[in-house]
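Notes for the structure review
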Amino acid sequence: MASSVDDMALATRTDKRPSMTRTLWDSTVGKKTVMAVSGLIMLSYLVVHMMGNLKIFFGAGQFNAYAHWLRTIGEPFLHYEWALWLIRVVLVAAVVGHAVSAYQLSRRDIKARPSGYVHKRARASYATRTMRWGGIILALFIVWHILDLTTGTVHSGFRPGHPYQNVVDTFSTWYGNVIYIVAMAALALHIQHGFWSAAQTLGVGNATRDRVLKTLANVLAVVLFAGFVSVPVAVMTEVVS
Amino acid sequence: MKLTLRVWRQKNANSPGAMATYDVDGISTDMSFLEMLDTLNEELILKGEEPVAFDHDCREGICGACSLVINGDAHGPERTTTCQLHMRSFSDGDTIDVEPWRASAFPVVKDLVVDRSAFDRIIQAGGYISVPTGAAPEAHATPVPKPDADFAFEHAECIGCGACVAACPNGSAMLFTSAKINHLNVLPQGAPERETRVLDMVGQMDDEGFGGCTLTGECATACPKGIPLPSIAAMNKEWLRATRKAKKVGR
């Protein structure tokens, strides 16, 4: 701000810049930043969640003990289940931030292109085109998943404190497997485009890093899909029962 | 060559438009796409019909005036401007769909002509450097590292045609805005207004009603000047940096 032209402009303009939070939330680039950060929070949670799920292959004792340990993290400094609730609060904030931004940005995008072209052709990759519907599928899945395996509301014969038995129970039904595997496929596609996009939004992407970021997105998508889906497959093939 | 054209005809901004079918004959493969449309218009004028309105100026691929979505692709099947697209890219007997840029920020004025002044207002918001004018300064007075000069030049190639907006499923102007911001922000001459430029230009882009970026990559594929997709990431980086400094920057 050294030039005299700018000083003149500064002297005549009285309006101030809004706060950083305001600037972020009011801008399309800012809302995308909210989506990127909340998406990465959820993604890192999923990596841990997937690794925890794999404990099912070590038997009911280990799996149930792990589930119990999740409730005792941080004790005695933290009270029973506090750490878990802390994680839940962060996750809910991330889901809400991600969904509200996605909804508002999508509304804006649709308004910005009211009439399509007469000459139609497929635009962008499948993963890119299915981000919105994939996101809705995932949101519905999360609701079912919590009602099924956390609260047990939609799970007849749910046994609190016995996650191993509950998981085997769910994946012994055909619909439990279908819902889960479809949702995991949607998740893999969502991550494949979402992870790379988050890097672009946060300004980490550039020409030299592009290949690394795309590979990392593919690896994350495949590893998470394989890790999560291995559990219903193991129940179906009676490796876990 | 004999061709069937299906062209978007719209009387003015307020009336509804529709595709109209025309047959054109005697098209040479050496004609540019615009010369082919000139041939059509000559016939229409002789028949006493209203010629098809379309934007064009230099016809050398450097001004950014020509537009047209041809068979669903901005500037047609080749990676160039419509004026530099030749009829040899098509075959005898083809049916070709010709439509205007589609975006709510680019309203149709008439037929294939759209109002792209939203781009001008984005430039007015910060696509300049403030210097006291006078005699041209000594070229070597301000050293610019070669990679920075190359980066700036790559982005300075943008001719502001709007193909990026036309190709984007969200009608987003991120590639145009990023090209203009990156071009100036990397240079020492652009440094004093580095933060205000990106904040104001992105703000203006949003105000004009362009959509957001979903990284589909359609813009960079359509761009006749090859502005790369990572430009958008570079602009996002500049924007986030400026947002952190916003308090100090002032207005």
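Residues numbered from 1 in each chain as written. Chains lettered and ligands numbered in written order. Predicted model: local features only at pLDDT ≥ 70, side-chain atom pairs only at ≥ 80, totals over all residues. Heavy atoms only, no water.

1. Topic: the nonpolar core
Residue and element names in this part refer to chain B. Counting 81 residues, the largest nonpolar core has Phe119 and Phe210 as the members making the most contacts within it. A domain-level breakdown of this core finds at least three residues from each of domain 1 (3-109) and domain 2 (116-131 + 138-249). Among residues more than four places away in sequence, those in contact with Phe119 are Phe106, Gly160, Gly162, Cys164, Val165, Ala173, Phe176 and Phe210. In this structure, Trp8, Leu34, Ile70 and Ile96 belong to the second largest nonpolar core, which totals 28 residues. (Core = buried A, V, L, I, M, F, W, Y, C linked by side-chain atoms within 4.5 Å. Buried < 20%, exposed > 50% of the residue type's maximum accessible area, 1.4 Å probe, protein only. Domains from an automatic or database assignment. Contact = heavy atoms within 4.5 Å.)

2. Observations concerning the sheet that holds strand S4 (residues 73-74) of chain B
Residues and elements named next belong to chain B. One open sheet holds the five strands; their spatial order is S2-S1-S5-S3-S4, and the pairing between them is mixed. The sheet terminates laterally at strand S2 (18-24) and S4, the two strands that pair on one side only. Both strand S3 (residues 69-70) and S4 contribute to a ladder of two bridges, which runs antiparallel. Bridged to Val69 within S4 is Ala74. (Pairing = 2+ DSSP bridges. Helix = DSSP H or I, 4+ residues; strand = E, 2+ residues; numbered from the N terminus.)

3. Description of the interface of chain A and chain B
Counting from both sides, the interface comprises 45 residues of chain A and, opposite them, 55 residues of chain B. Interface area for chain A against chain B, summed over the two sides, is near 4,200 Å², with a carbon-plus-sulfur share of 55%. When the buried surface of chain A facing chain B is broken down by residue, Arg17, Tyr117 and His119 of chain A rank first, second and third, together holding 18% of it. Where chain A packs against chain B, one counts three salt bridges. Across the pair Asp73 of chain B and Arg121 of chain A runs a salt bridge whose closest N-O atoms are separated by 2.7 Å. Inspection of the chain A/chain B interface yields 22 residue pairs in polar contact (both at pLDDT 80 or more). Going through the elements one at a time, helix H1 (4-12), helix H2 (20-26), helix H3 (28-53), helix H5 (82-112) and helix H9 (174-201) of chain A are the ones with two or more residues in the side of chain A that touches chain B. Within the side of chain A that touches chain B, the residues separate by chemical class into 14 nonpolar, 17 polar and 14 charged. (Buried area = accessible area lost by both parts, 1.4 Å probe. Salt bridge = Lys/Arg side-chain N within 4 Å of Asp/Glu carboxyl O. Polar contact = N/O pair within 3.5 Å; in protein donor to acceptor, adjacent residues only side chain to side chain. Nonpolar A, V, L, I, M, F, W, Y, C, P; charged D, E, K, R; others polar.)

4. What about the packing of helix H4 (residues 60-72) of chain A against helix H8 (residues 163-170) of chain A?
All names here are of chain A. The N-to-C vectors of H4 and H8 enclose an angle of 110°; their axes lie 8 Å apart at closest approach. Classified by the interaxial angle, the pair formed by H4 and H8 is roughly perpendicular. Contacts between H4 and H8 involve Ala60, Phe63, Asn64 and Ala67 from the first element and Pro163, Tyr164, Gln165 and Val167 from the second. Residue composition of the contact of H4 with H8, by class: six nonpolar, two polar and no charged. (Axes fitted to C-alpha atoms, helices over the stretch in contact; angles between N-to-C directions. Parallel < 35°, antiparallel > 145°, perpendicular 65-115°, else oblique.)

5. Looking at the pattern of salt bridges
A side chain of one charge can pair with a side chain of the opposite charge when the charged atoms of the two come close. The final tally for this structure, using the stated rule, is 18 salt bridges over all chains. As a salt-bridge pair, Glu218 of chain B and Arg121 of chain A come within 3.3 Å of each other at their nearest N and O atoms. Of this pair, Glu218 of chain B sits in helix H7 (residues 218-222) while Arg121 of chain A sits in the loop between H5 and helix H6 (126-129), which puts the two residues in different chains. Arg121 of chain B is the salt-bridge partner of Glu208 of chain B, the closest N and O atoms lying 2.6 Å from each other. On the criterion of sequence distance, the pair formed by Glu208 of chain B in the loop between helix H6 (194-207) and H7 and Arg121 of chain B in helix H2 (residues 117-124) is long-range, its members being 87 residues apart. The buried category is assigned to Glu208 of chain B, whose relative accessible area is 16%. Its relative accessible area of 34% is what places Arg121 of chain B among the partly exposed residues. One salt-bridge network, in which partners are shared between bridges, spans Arg121 of chain A together with Asp73 and Glu218 of chain B.

6. Examining unusual backbone geometry
Cis geometry marks the peptide bond from Glu75 of chain A to Pro76 of chain A; its omega dihedral reads 5°. Along the chain, Pro76 of chain A falls in the loop between H4 and H5. The residue Leu68 of chain B is not glycine, and still its phi comes out positive at about 80°. Among the structural elements, Leu68 of chain B can be located in the loop between helix H1 (33-46) and S3. If you check the backbone angles, Asp111 of chain B has positive phi at about 45° while not being a glycine.

7. Examining the domain arrangement of chain B
All names here are of chain B. Here the domain parsing of chain B yields domain 1 (3-109) and domain 2 (116-131 + 138-249). In this structure, domain 1 and domain 2 have C-alpha centres spaced 29 Å apart. At the junction of the two partners, domain 1 supplies 20 residues and domain 2 supplies 21 residues. Counting the surface lost from both domain 1 and domain 2, the interface buries some 1,400 Å², and carbon and sulfur atoms represent 59% of this. Interface area lost by domain 1 to domain 2 is led by Arg79, Ala105 and Phe106, which between them contribute 40%. Applying the counting criterion to the domain 1 and domain 2 interface returns one salt bridge. Between Arg116 and Asp55 there is a salt bridge; the shortest N-O distance is 3.2 Å.

8. Here we look at H3 of chain A
With 26 residues, H3 of chain A should cover 38 Å at 1.5 Å per step; its first-to-last C-alpha distance of 37 Å lies within 8% of that length. Capping the start of H3 of chain A, Ser27 of chain A holds a side-chain oxygen 3.1 Å from the backbone nitrogen of Val29 of chain A, two or three residues further along. (Expected span 1.5 Å × (residues − 1).)

9. Notes on a nonpolar patch on the surface
Together, Ile137, Trp174, Tyr175, Val178, Ile179 and Val182 of chain A give the surface a local cluster of nonpolar side chains, amounting to about 600 Å² of exposed area. Broken down by element, the residue count for the nonpolar patch peaks at five residues, all from H9 of chain A. (Patch = residues over 30% accessible without salt bridge, like charges linked within 9 Å, V, L, I, M, F, W, Y side chains within 5 Å. Areas by Shrake-Rupley, 256 points an atom, 1.4 Å probe, with all protein chains shown as cover.)

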